[in-house]
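Results of the structural survey
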Amino acid sequence: MAPVRIGDYFAAIDIRDHNEINLFENNELIEILGQTWPELLEPYELKSVLSPTVSPSPVERKMLRKSGLSGFITIGEKTYMGPGMGITSASTSNRVSISATNVRRYAKELARVVSDFDSEFQVDVRAEKITSPKFNLCITPRGMAIYETNLDKAWLLPKKVPNSSFNYIADLNDLVAPDWAVKRVAF
């Protein structure tokens, strides 16, 4: 089976209110996903793991989540890690924590690049004899950019390109300002 790129399509099971009781602890939706589109859960399958004979109830799963523990999900004969990649001790999704850490790390590196004396940003402000540049991140109709207020100039940041090598700035751009979100911003 060819690998599935999650971003290539949208799969809808149900739309529910986030305030629904035990919504995030209920396995019903993930079971439907596993039965309907098993390839989407394949990256989360735990190989060589014996499936538990008893699964926690939604109430028990909620208590585990509040304690910062994640339980496995069993669908048929297969056992999976939750697609959120588990729960941190703060009771948040590991995927969210990893993304937040990456945003901070990439933004710090981008700030270092922008501040570098030889960067195109610094060269441009020196050419205009600006002694106290004020750089910001901004969202434009074309994506995220570095904006310098004195010059009233923005440098568009690169976006992720499928099958290209890793670029932390493009990854930052995708994490903070994905195309779907930029399209919804009123400029």
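Above this note sits the structure.
Residues numbered from 1 in each chain as written. Predicted model: local features only at pLDDT ≥ 70, side-chain atom pairs only at ≥ 80, totals over all residues. Heavy atoms only, no water.

Another point: the overall build of the protein. The helix and strand inventory of the protein stands at 7 helices and 5 strands. Listing every helix and strand of the protein by position from the N terminus yields α-α-α-β-β-α-α-β-β-β-α-α. By the burial criterion, 27% of the 187 residues in the protein qualify as buried. In the protein, the proportion of contacts linking residues at least 24 apart, taken out of those at least 6 apart, comes to 44%. Accessible surface for the protein amounts to roughly 12,900 Å². Of this, 57% is attributable to carbon and sulfur atoms. (Helix = DSSP H or I, 4+ residues; strand = E, 2+ residues; numbered from the N terminus. Buried < 20%, exposed > 50% of the residue type's maximum accessible area, 1.4 Å probe, protein only. Contact = heavy atoms within 4.5 Å. Areas by Shrake-Rupley, 256 points an atom, 1.4 Å probe, with all protein chains shown as cover.)

Nonpolar side chains collect at one region of the surface, where Ile139, Leu175, Val176, Val185 and Phe187 lie side by side and expose about 400 Å² of accessible area between them. Relative to the helices and strands, Leu175 resides in helix α6 (residues 168–176). (Patch = residues over 30% accessible without salt bridge, like charges linked within 9 Å, V, L, I, M, F, W, Y side chains within 5 Å. Salt bridge = Lys/Arg side-chain N within 4 Å of Asp/Glu carboxyl O.)

This paragraph deals with helix α1 (residues 28–36). Along α1, the positions that sit buried rather than exposed are Ile30, Leu33 and Gly34. Viewed along the axis of α1, the buried residues span an arc of 95 degrees, placing them on a single side of the element. Along its buried surface, α1 packs onto α2 (38–41) and β1 (73–75). (Arc of directions from axis to C-beta.)

Right, let's get into helix α4 (residues 94–115). Over its 22 residues, α4 runs 31 Å from end to end, which matches the ideal 32 Å to within 8%, given 1.5 Å per residue. Of the residues making up α4, those classed as buried are Asn102, Tyr106, Leu110 and Val114. Looking down the long axis of α4, one finds its buried residues gathered within 100 degrees of arc, a one-sided arrangement. Turned more than 90 degrees off the buried face of α4, the exposed positions are Arg104, Lys108 and Ser115. Those residues of α4 hidden inside the fold are in contact with α5 (120–127), β3 (135–140), β4 (143–148) and α6. (Expected span 1.5 Å × (residues − 1).)

Where strands meet in a sheet, backbone hydrogen bonds hold them as pairs that are either parallel or antiparallel. Taken together, the 3 strands give an open sheet; going across it, the order is β3-β4-β5, and neighbouring strands pair in antiparallel fashion. Looking at strand neighbours, the two that pair on one side only are β3 and β5 (153–156), the edges of this open sheet. On average, each strand axis in the sheet is inclined to that of its neighbour by 35 degrees, with strand direction left out of account. Strand direction decides the pairing type here: β4 and β5, joined by 4 bridges, are antiparallel. Bridging across to β5, Tyr147 finds its partner in Ala154. (Pairing = 2+ DSSP bridges. Axes fitted to C-alpha atoms, helices over the stretch in contact; angles between N-to-C directions.)

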